Amino acid sequence: MASIKIENLVKAYPNRRHHRRKGDPYVPGQMIKVLDDVNLEFADGEMVCILGPSGCGKSTMLKILAGFDTATSGRILVDGREVTEPTSDYIFVFQQSGLLPWMTVWQNVELGVRHMQDEEEKAAQIQEYIDMVELSNFEQHFPHQLSGGMQRRAELARALVVNPDMLIMDEPFTGLDFLTRMKMREEVVNMHEFIGKSILMVTHDIDDALVMADHIVVMGDTPARVKLDRKLTFDRPRDIGTGELAELRDEVYFMLGVSYVV
Amino acid sequence: MLRSISEWRGANQLLPAVAFAIVLVLWELVARFSGWSETVFPGPLAVLGSIGEMVENGTLLQHSAASLYRVTVGFYIAALLGIPLGILLGRVALANVILNPLIQFLRPISPLAWIPLAMLWFGIGDKPAIFLIFLSSFFPIVVSTAVAVGAINPIYFQVSANFCLSRKETNLRIVIPAILPDVVTALRISVSIAWLVVVAAEMIAVQSGLGYLILDSRNALRMDYVMVGMIVIGLIGVFLDYVMRRLGRLESTAWARKS
Ligand SMILES: Nc1ncnc2c1ncn2[C@@H]1O[C@H](COP(=O)(O)OP(=O)(O)OP(=O)(O)O)[C@@H](O)[C@H]1O
Ligand SMILES: [Mg+2]
């Protein structure tokens, strides 16, 4: 249960530089806009993929949505309520690893269900999600003892065990090898199709978005605006090499400044 | 081929003893041929004899125990008060703004400058010495703890907020484990400072301890006892550092070394 409405969202950071350099468009002390009047609407249960060049403000927008950061102006409504503080109704999967390095995989996953009364049920649930991301036998490992891909999967298990209304993922597949990436795509799509979870995912991979999303958003320019906001109604699994999807793919590439795709 | 430190150690167990052996030989040579009398510059053999003598009559143990006792008590109090205060400074901005200037002002004042006040306030005996040890460790512990809290990756606080950890849970499950490796390092450094200070403190206000032993032996012109005192101070210092380093290898701080 999570419909999201982003209304006239603006985010500006103070300019930290003390001396104006030649050709510097910003004046010291002035605010630098990162997001400029972003308006978006996501329906309940949608699988949304957000694309955009590095540094354009995607993580910033997600952080405001998650309640970790505040908007300069504008607001974000989740199910009609304005976001003011973090909640565990939606779980955030961080761009850099958000696993707590002093806790084992088990302890990390337990974080989300630590208030469950029935110990047995709790343990079963933790085990179920650890098994799901194929980390059985690694329960007692610390994050630094896992590979990058395994850490990502552990973090995904920690997010899913909470059974959140919505999953917010900031480049969850970055650093994964091809096979793991394919498996994770499938996992996330299944979660969305069979459990009906709302998912909001930032990715740099256009194919990720075209294969997975119900709704893709391309952000760009500085400060960032929405450059493309489109719903995809194609059935899955999808072939993105031909037809409308291929056209859309070229369009998005072009929008991101790549005019020739090999 | 160049070998690493551990490869050299593995190649020959006696290598670390080389510098000690050279110093011992030079020491003996100077003692014999410099023209100084045995009283002014006793050689290593004479000092070894004195060690045996002092171990046998129990004075060495007694003085070492007295010094270690003071360091332990002063250091514990400093850690017990310093770590929570450091966390407070790192977590609560208002506390930081109010208290930090005072701490930064008091910190550079050498514990030795407090000696006159310490003696006036606490009289003679263990108390002034313990107070000085406390001062010497307290400020480094507070400052390092506060810095460590400030350096915690903000993502961990976002995780804490996302999973709705209470303030208490955040302190116990995020802040304390996150700063533990840095705090252990700070404790290790403070112990060595405390050990430096105890000897100085014992030269003024007490009738026991290794500092007192050195001062008293100088007054009695027993340079061999002075040297025994110095050697034991060095040995105990190495031992304390070893203990603290073992503490740094605890499993709960392993993540900081690997990542
Ligand atoms: N705390 C901050 N203070 C000042 N500027 C910031 C801060 N956080 C982000 N920015 C700026 O905001 C812009 C957007 O950052 P953001 O992390 O949202 O980008 P992104 O789209 O997620 O990029 P990437 O794809 O590389 O992760 C960047 O130019 C960055 O310099
Ligand atoms: Mg980002």
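The written sequence of each chain sets the order in which its residues are numbered from 1. Each chain takes a letter, starting from A, and each ligand takes a number, starting from 1, following the order in which they are written. Only residues with pLDDT of at least 70 get local features here, since the model is predicted, and only at 80 or more are side-chain atom pairs given and counted; chain-wide, interface and lining totals rely on the full set of residues. Note that the side-chain values use all heavy atoms of the structure and ignore hydrogens as well as water.

Colleague: Outline the sheet that holds strand β8 (residues 198-202) of chain A, listing residues and values.
Modeller: Residue and element names in this part refer to chain A. Whether two strands pair comes down to DSSP finding at least two bridges between them. In DSSP terms, a helix is any run of H or I states spanning at least four residues, a strand is any run of E spanning at least two, and both are numbered starting from the N terminus. Taken in spatial order, the six strands of this open sheet run β6-β7-β8-β3-β9-β10, and their pairing is mixed. Two strands bound the open sheet, and with one partner strand each, they are β6 (90-93) and β10 (225-231). Here the strands of the sheet are splayed against their neighbours by 15 degrees on average, with no regard to which way each runs. Two elements, β6 and strand β7 (residues 166-170), share four bridges in a ladder whose sense is parallel. By the bridge assignment, Val93 is partnered in β7 with Met169. What makes two residues a contact is simply this: any of their non-hydrogen atoms within 4.5 Å. The axes are straight lines fitted to the C-alpha atoms, using for helices just the contacting stretch, and the angles between their N-to-C directions are given from 0 to 180°. Its contacts with the sheet place helix α5 (residues 178-195) against β3 (47-51), β7 and β8, and it is angled at close to 150 degrees to β8. Those strands touched by helix α7 (residues 243-255) are β3, β9 (215-220) and β10, and its axis lies near 175 degrees from that of β10.

Colleague: Hey, could you go over unusual backbone geometry for me, with residue numbers and the actual values?
Modeller: Residue and element names in this part refer to chain A. Geometrically, the link from Arg236 to Pro237 is a cis peptide bond, its omega value of -5 degrees lying close to zero. In this structure, Asp37 takes a positive phi of about 55 degrees despite not being glycine. Structurally, Asp37 can be placed in strand β2 (residues 31-42). Even without glycine at this site, Asp79 takes up a positive phi of about 50 degrees. Checked against the element boundaries, Asp79 lands in the loop between β4 (73-78) and β5 (81-82).

Colleague: Hey, could you go over a nonpolar patch on the surface for me, with residue numbers and the actual values?
Modeller: Residue and element names in this part refer to chain B. A surface patch of nonpolar side chains, about 790 Å² in accessible area, is lined by Trp8, Leu15, Val18, Ile22, Val25, Leu26, Leu29 and Phe33. Here the nonpolar patch takes six residues from helix α2 (residues 18-33), the largest share from any one element. Within the secondary structure layout, Leu29 lies in helix α2. Grouping into patches uses exposed residues only, defined as over 30% relative accessible area, and leaves out salt-bridged ones; the cut-off is 9 Å for like charges and 5 Å for nonpolar side chains (Val, Leu, Ile, Met, Phe, Trp, Tyr). The protein chains shown are the only cover counted for residues, whose accessible areas, like all others here, come from Shrake-Rupley with a 1.4 Å probe. One side-chain nitrogen of Lys or Arg within 4 Å of one carboxyl oxygen of Asp or Glu is enough to make a salt bridge.

Colleague: Quick one: what's the story with empty space enclosed by the protein, residue by residue and with numbers?
Modeller: Residue and element names in this part refer to chain A. Here a cavity denotes grid points, spaced 1 Å and computed from the protein atoms alone, that fit a 1.4 Å probe unable to get out, and a pocket denotes an open set having protein on both sides within 12 Å along at least 5 of 7 lines; residues with an atom within 4 Å of a point are the lining. Grid points are joined across faces, edges and corners, and a volume is the space filled by probe spheres set on the points. For the coordinates displayed, the defined rule picks out one cavity of 30 Å³ or more. In this structure, the largest cavity spans a volume of roughly 40 Å³. Looking at the largest cavity, the residues that line it are Ala2, Ile4, Phe42, Ala43, Glu46, Val48, Met166, Ser198, Ile199 and Leu200. Per-element tally for the lining of the largest cavity: the top contributor is β8, with three residues. Residues are sorted three ways: Asp, Glu, Lys and Arg are charged, Ala, Val, Leu, Ile, Met, Phe, Trp, Tyr, Cys and Pro are nonpolar, and all the rest, Gly among them, are polar. For the lining of the largest cavity, the class distribution of residues is eight nonpolar, one polar and one charged.

Colleague: Which residues make up the site of ligand 1, and what values go with them?
Modeller: Residue and element names in this part refer to chain A. Every residue near ligand 1 is listed here: Tyr13, Val34, Ser54, Gly55, Cys56, Gly57, Lys58, Ser59, Thr60, Gln95, Glu171 and His204. Polar contacts, as counted here, are pairs of nitrogen or oxygen atoms within 3.5 Å of one another; within protein the pair requires one atom able to donate a hydrogen and one able to accept it, and residues that are adjacent in sequence qualify only if both atoms are side-chain atoms. Cys56 is positioned with one of its backbone polar atoms (N or O) 3.2 Å from an oxygen atom of ligand 1. Computed on the free molecule, ligand 1 has an accessible area of 640 Å², of which 63% lies beneath the protein chains in the complex. If you tally residues by element for the shell around ligand 1, the top one is helix α1 (residues 58-66), at three residues. The nearness test applies per residue and asks whether one of its heavy atoms lies within 4 Å of the molecule or strand.

Colleague: Requested: an account of the domain arrangement of chain B, with residues and values cited.
Modeller: Residues and elements named next belong to chain B. Split by domain assignment, chain B resolves into domain 1 (1-35) and domain 2 (42-258). Here domain 1 and domain 2 have C-alpha centroids that lie 30 Å from each other. Contacts between domain 1 and domain 2 engage four residues on the former and seven residues on the latter. Note on terms: buried area is the combined drop in 1.4 Å-probe accessible area of two parts once they are placed together, counting the loss on both. Approximately 400 Å² of surface area, both sides summed, lies buried where domain 1 meets domain 2, with 76% of it carried by carbon and sulfur atoms. The largest share of the area that domain 1 buries against domain 2 comes from Trp27, Glu28 and Ala31, three residues that together contribute 88% of it. At the boundary of domain 1 and domain 2, one finds zero salt bridges. For the purposes of this description, domain bounds are those given by an automatic or database domain assignment.

Colleague: Explain the pairing of strand β1 (residues 4-14) of chain A to me, and be specific about the residues and the numbers.
Modeller: Residue and element names in this part refer to chain A. Relative to β2, β1 runs antiparallel, the two being bridged by eight bridges. Looking at the pairing, Lys11 lines up with Leu35 of β2. Relative to β4, β1 is paired through five bridges, and the arrangement is antiparallel. In the sheet register, Ile6 faces β4, and the bridge partner there is Ile76.

Colleague: Give a detailed account of the layout of surface pockets, specifying residues and quantitative values.
Modeller: Residues and elements named next belong to chain B. In this structure, the largest pocket occupies an estimated 310 Å³ of space. Residue lining of the largest pocket: Phe20, Val23, Leu24, Trp27, Met227, Met230, Ile231, Gly234, Leu235 and Val238, and that is the complete set. Taken together, the elements giving at least two residues each to the lining of the largest pocket come down to α2 and α11 (223-248). If one sorts the elements of the lining of the largest pocket by residue count, α11 sits on top with six residues. For the lining of the largest pocket, the two domains that each supply at least three residues are domain 1 (1-35) and domain 2 (42-258).

Colleague: Explain the side chain of Lys122 of chain A to me, using residue names and the numbers behind them.
Modeller: Structurally, Lys122 of chain A can be placed in helix α3 (residues 119-132). Lys122 of chain A has contacts with Glu110, Val113, Arg114 and Met116 of chain A, leaving out every residue within four places of it along the chain.

Colleague: Could you give an account of a positive patch on the surface, with specific residues and numbers?
Modeller: All names here are of chain B. Positive: Lys, Arg. Negative: Asp, Glu. His and the chain ends are not part of the count. Note on charges: their place is set at NZ of Lys, CZ of Arg, CG of Asp or CD of Glu. A cluster of basic residues, Arg9, Arg245, Arg246, Arg249 and Arg257, forms a positive patch at the surface. Tracing the sequence through the fold places Arg246 in helix α11. Remark: exposure states derive from per-residue accessible area (1.4 Å probe, protein chains only) relative to the maximum for the residue type, with buried under 20%, exposed over 50%, and partly exposed in between. For Arg246, a relative accessible area of 45% translates into the label partly exposed.

Colleague: Summarise the confidence of the model for chain B; cite the residues concerned and give the values.
Modeller: Residues and elements named next belong to chain B. For chain B, per-residue confidence averages 91 on the pLDDT scale, and 99% of positions sit at 70 or higher. Note: pLDDT gives the predictor's confidence per residue, expressed from 0 to 100. Taken element by element, the predicted model of chain B shows its lowest mean pLDDT in helix α12 (residues 254-258) (79) and its highest in helix α4 (residues 59-91) (95). For this predicted complex, the interface confidence comes out at an ipTM of 0.82, alongside a pTM of 0.82.

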